[in-house]
Amino acid sequence: MEHKDDSSQYRSIILNKLLDRNKRETNAFQDLVHFHNRLTDNASMLKNENLRLTVQNENLRVDLLRGPSGSSDRAAQEKIQMLEQKVLAQQEELTELHKKRSENVQLLIDINAKQVERENEITSLKNKVTELVTTNTKLKAEIQLYQTNNKELQVLNQMLKDEHQALQLAFTHLEEKLRKSQDDNREMVERLMKYKSKDVEKLNEENENFIRIKNIRLQKELEEAAKDMRGISPDAYMKDIGPVVCTSAVPTKASFHFEAHEGEISCAKWSPVDRVLATGGADRKVKLWDISKGVPEKKGLLVGCNAGVMSIDFDSTGTLCLGASNDFASRVWTVQDQRMRRHV
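Scoring rules and cut-offs
Residues numbered from 1 in each chain as written. Predicted model: local features only at pLDDT ≥ 70, side-chain atom pairs only at ≥ 80, totals over all residues. Heavy atoms only, no water. Phe/Tyr/Trp six-rings, centres within 6.5 Å; stacked < 30°, edge-to-face > 60°. Helix = DSSP H or I, 4+ residues; strand = E, 2+ residues; numbered from the N terminus. Buried < 20%, exposed > 50% of the residue type's maximum accessible area, 1.4 Å probe, protein only. Patch = residues over 30% accessible without salt bridge, like charges linked within 9 Å, V, L, I, M, F, W, Y side chains within 5 Å. Areas by Shrake-Rupley, 256 points an atom, 1.4 Å probe, with all protein chains shown as cover. Salt bridge = Lys/Arg side-chain N within 4 Å of Asp/Glu carboxyl O. Lys, Arg positive; Asp, Glu negative; His and termini not counted. Charge placed at Lys NZ, Arg CZ, Asp CG, Glu CD. Pairing = 2+ DSSP bridges. Axes fitted to C-alpha atoms, helices over the stretch in contact; angles between N-to-C directions. Core = buried A, V, L, I, M, F, W, Y, C linked by side-chain atoms within 4.5 Å. Contact = heavy atoms within 4.5 Å.

Colleague: Got a sec to walk through the packing of aromatic side chains? Specific residues and values, please.
Modeller: One pass over the full model with this rule turns up 1 aromatic pair. On the numbers, 4.9 Å between centres and 55 degrees between planes, the contact of phenylalanine 258 with tryptophan 289 is tilted. Note that phenylalanine 258 is positioned in the loop between α2 (71-229) and β1 (265-270) and tryptophan 289 in strand β3 (residues 286-290), a separation of 31 residues in sequence. A relative accessible area of 24% places phenylalanine 258 in the partly exposed class. Residue class for tryptophan 289 comes out buried when judged on its relative accessible area of 8%.

Below you can see the structure in the form of structure tokens.
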């Protein structure tokens, strides 16, 4: 409805402008047209008068030829000359009027040509106005569409802002919850460390008590053994057997050195039958090494642990290998095919 009102308004404006233009152009040339019409009427009137005078002149000539001579002839001749001068003046005036008429006709032709040009210009302007009205209508439709899209985007933006605010509140709540959990975890770790330190102190105390009791017991046994040796004479010993001397030695040089694991090594164990060494480390692997040739050679790899291996042992036959890891589990492998047999 709004587009129709705009198009009708444009049409009424164009129509009013065309009417004003026609009125202005007509008023400018109205005097010229009126003068041309008057000149045409005067030319017609003078032509009739010239015809009448020509007829009258002919009649007078006829009368002179028929009538008596004398003063009347002189008067008639004067009258004829006067009439001829009058006819000549009328002819000159008629020539001037014809000249003005031709000029007016040429001017009218030029005016008509200009009017045709103006009408063509008006037609082109009308076409341009129509195109502009169409373009304006399309632009208004696009503006309406853009306004609708803008409103939708504003609604969507507001919704996203609300969601972002809700997520920010949820994030703040979760962050506070995480901070509380970290504080609780830290407190629990501190308590665990306290408990572990107490356990270590208790274990150290038990070890000290055990060592002290063991030393006391060993001292008593030595005293009893010394008491038992007092009744034996030195002659009772065999002459060819000297005194028994017990010695202990600490290795001063390593037989060989090799990189067994990627990280630290937690445990090592010799096989009871073969010259096979089993090692376990923080890389969650148990490796078997053959030392029979004097050079460590990798014999097998036992995998399946989820944490670092802390302890290794073989059975009496050397066919099974037991490994205990930090994931609170123990696993048994066969040495021959290196497959896991049991997981506890």
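Moving on, there is more to tell.
Colleague: Could you give an account of a negative patch on the surface, with specific residues and numbers?
Modeller: On the surface, Glu201, Glu205, Glu206 and Glu208 cluster together into a negatively charged patch. Examined against the element boundaries, glutamate 201 turns out to sit in helix α2.

Colleague: Summarise the sheet that holds β1; cite the residues concerned and give the values.
Modeller: Strand order in the open sheet formed by 4 strands is β1-β2-β3-β4, and the pairing between neighbours is antiparallel. Each edge of the open sheet carries a strand with a single partner, namely β1 and β4 (297-302). Sheet twist, expressed as the average angle between the axes of neighbouring strands with direction ignored, equals 25 degrees. Where β3 and β4 come together, 5 bridges link them in antiparallel fashion. Note that in β4 the partner of leucine 288 across the bridge is glycine 300.

Colleague: So what about a nonpolar patch on the surface? Which residues, and what values?
Modeller: Residues Leu153, Leu156, Met159 and Leu160 make up a contiguous nonpolar surface patch of about 370 Å² in total accessible area. Of note, methionine 159 is situated in helix α2. On the basis of relative accessible area, methionine 159 is assigned to the partly exposed category, the value being 42%.

Colleague: Account for the nonpolar core, naming residues and giving values.
Modeller: Soluble globular proteins tend to pack their nonpolar side chains together in the buried interior. Counting 13 residues, the largest nonpolar core has Val286, Leu288, Leu302, Val309, Ile312, Phe314 and Cys321 as its most contacted members. Secondary structure elements with two or more residues in this core: β2 (276-281), β3 and β5 (309-314). Tallying contributions element by element places β5 first for this core, with 3 residues. Once you skip the residues sitting within four places of it in the chain, valine 309 turns out to touch Ser266, Cys267, Gly280, Gly281, Arg284, Lys285, Val286, Ala324 and Ser325.

Colleague: Explain the pattern of salt bridges to me, and be specific about the residues and the numbers.
Modeller: With the rule as written, the count across this model stands at 6 salt bridges. Across the pair lysine 269 and aspartate 313 runs a salt bridge, and its minimum N-O distance is 3.9 Å. With a gap of 44 residues between them, lysine 269 in strand β1 and aspartate 313 in strand β5 connect regions that are remote in the sequence. Note on lysine 269: relative accessible area 34%, which makes it partly exposed.

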